[in-house]
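Descriptive structure summary
This is what each chain is made of:
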Amino acid sequence: MDGAALSGIQAGTLATRWRGRALLKSPFDLALYMQAIDRERPATIIEIGTHEGGSAVWFADMMQAVGLAPRVVSVDIGGCELADPRISLLRGDARALGAVLTPGVLAALPRP
C-alpha cells in the first residue's frame, strides 16, 4: 500500500463518527473488533482513551448486537460527557492505569 492510500485511510479514520461522536477507529480495526467480540463474547470491554466516547458507544452497541449484556469501561485523562448506563467513564492517566484500574475495580468487573 502506498503512502497516499495510507494517508487517505488515516484521514477517514479521524473523520469517522458513530452516533454523533468521534470514533477514531480504522475500518480494519472495526472489522477485527467485531470478530473478536463475537468470538470471545466478553462480559466487559476496557478501553483506554475515551475522547468523545464514540468508540465506547460502538463497543456497547456491538456487544448488544451479538446478544451480550454490554459493559464498557473507558479510561481517559480528560472529561467526556456520556450518559449511557452500559458505559462507565473513569478518569485516569494511561501511563498510570494501576491508579484507576485497581485490583478491586478489576475484580468487580463481569467476566470473561
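Overview of the structure. (Residues numbered from 1 in each chain as written. Predicted model: local features only at pLDDT ≥ 70, side-chain atom pairs only at ≥ 80, totals over all residues. Heavy atoms only, no water.)

The next point concerns a nonpolar patch on the surface. Taken together, the side chains of M1, L6 and F28 define a hydrophobic patch exposed on the protein surface, amounting to about 360 Å² of accessible area. Taking relative accessible area as the criterion, F28 reaches 48% and is therefore assigned partly exposed. (Patch = residues over 30% accessible without salt bridge, like charges linked within 9 Å, V, L, I, M, F, W, Y side chains within 5 Å. Areas by Shrake-Rupley, 256 points an atom, 1.4 Å probe, with all protein chains shown as cover. Salt bridge = Lys/Arg side-chain N within 4 Å of Asp/Glu carboxyl O. Buried < 20%, exposed > 50% of the residue type's maximum accessible area, 1.4 Å probe, protein only.)

As a further point, take the sheet that holds strand β4 (residues 72–76). Pairing is parallel across the open sheet formed by three strands, whose spatial order is β3-β4-β5. Edge strands, defined here as strands with exactly one partner in the open sheet, are β3 (45–48) and β5 (87–91). Neighbouring strand axes in the sheet, compared pairwise and without regard to direction, differ in orientation by 20° on average. Relative to β5, β4 runs parallel, the two sharing five bridges. In the strand pairing of β5, V72 is matched with I87. (Pairing = 2+ DSSP bridges. Helix = DSSP H or I, 4+ residues; strand = E, 2+ residues; numbered from the N terminus. Axes fitted to C-alpha atoms, helices over the stretch in contact; angles between N-to-C directions.)

Moving on, we come to helix α1 (residues 3–15). With 13 residues, α1 ought to run about 18 Å at 1.5 Å a step, and its terminal C-alpha atoms sit 18 Å apart, in line with that. The N-cap residue of α1 is D2: its side-chain oxygen and the backbone nitrogen of A4 are 3.3 Å apart. (Expected span 1.5 Å × (residues − 1). Polar contact = N/O pair within 3.5 Å; in protein donor to acceptor, adjacent residues only side chain to side chain.)

Take the pairing of β4 next. Burial analysis of β4 places five of its five residues in the buried class, which makes it a mostly covered element. Neither face of β4 is open: one carries V72, S74 and D76, the other V73 and V75, and all of them are buried. Pairing of β3 with β4 involves four bridges; the strand directions are parallel. Directly across from E47, in β4, lies its bridge partner S74. Regarding topology, helix α3 (residues 54–65) serves as the crossover connection from β3 to the parallel β4, and that connection is right-handed. (Right-handed = clockwise from strand over helix to strand, strands pointing away.)

Here we come to the pattern of salt bridges. If you walk through the whole model with that rule in mind, you get eight salt bridges. Put simply, E47 and K25 hold a salt bridge, and the shortest N to O gap is 4.0 Å. Separated by 22 residues along the polypeptide, E47 in strand β3 and K25 in the loop between β2 (21–22) and α2 (27–40) bring together distant segments of the chain. Take E47 and K25: they sit in the same class, and that class is buried. Among the ionic contacts, a cluster of salt bridges with common partners joins R19, D61, D84 and R86.

What follows covers α2. Helix length check: α2, at 14 residues, gives a terminal C-alpha distance of 20 Å against a target of 20 Å (1.5 Å per residue), a fit within 8%. R41, located one to two residues past α2, shows a positive phi value of around 55°.

Structurally, S55 can be placed in helix α3. Since its relative accessible area comes to 3%, S55 is described here as buried. The residues touching S55, leaving out its near neighbours within four places in the chain, are A22, L23, K25 and E47. (Contact = heavy atoms within 4.5 Å.)

Counting residues in each nonpolar core, the largest one holds 16 residues, and the members touching the most others are I37, W58, F59, M63, V72 and I87. Looking at this core, the elements that each hand over two or more residues are α2 and α3. It is α3 that provides the largest number of residues to this core, a total of seven residues. With residues near it in sequence (within four places) discarded, W58 still touches W18, L23, L30, Y33 and M34. (Core = buried A, V, L, I, M, F, W, Y, C linked by side-chain atoms within 4.5 Å.)

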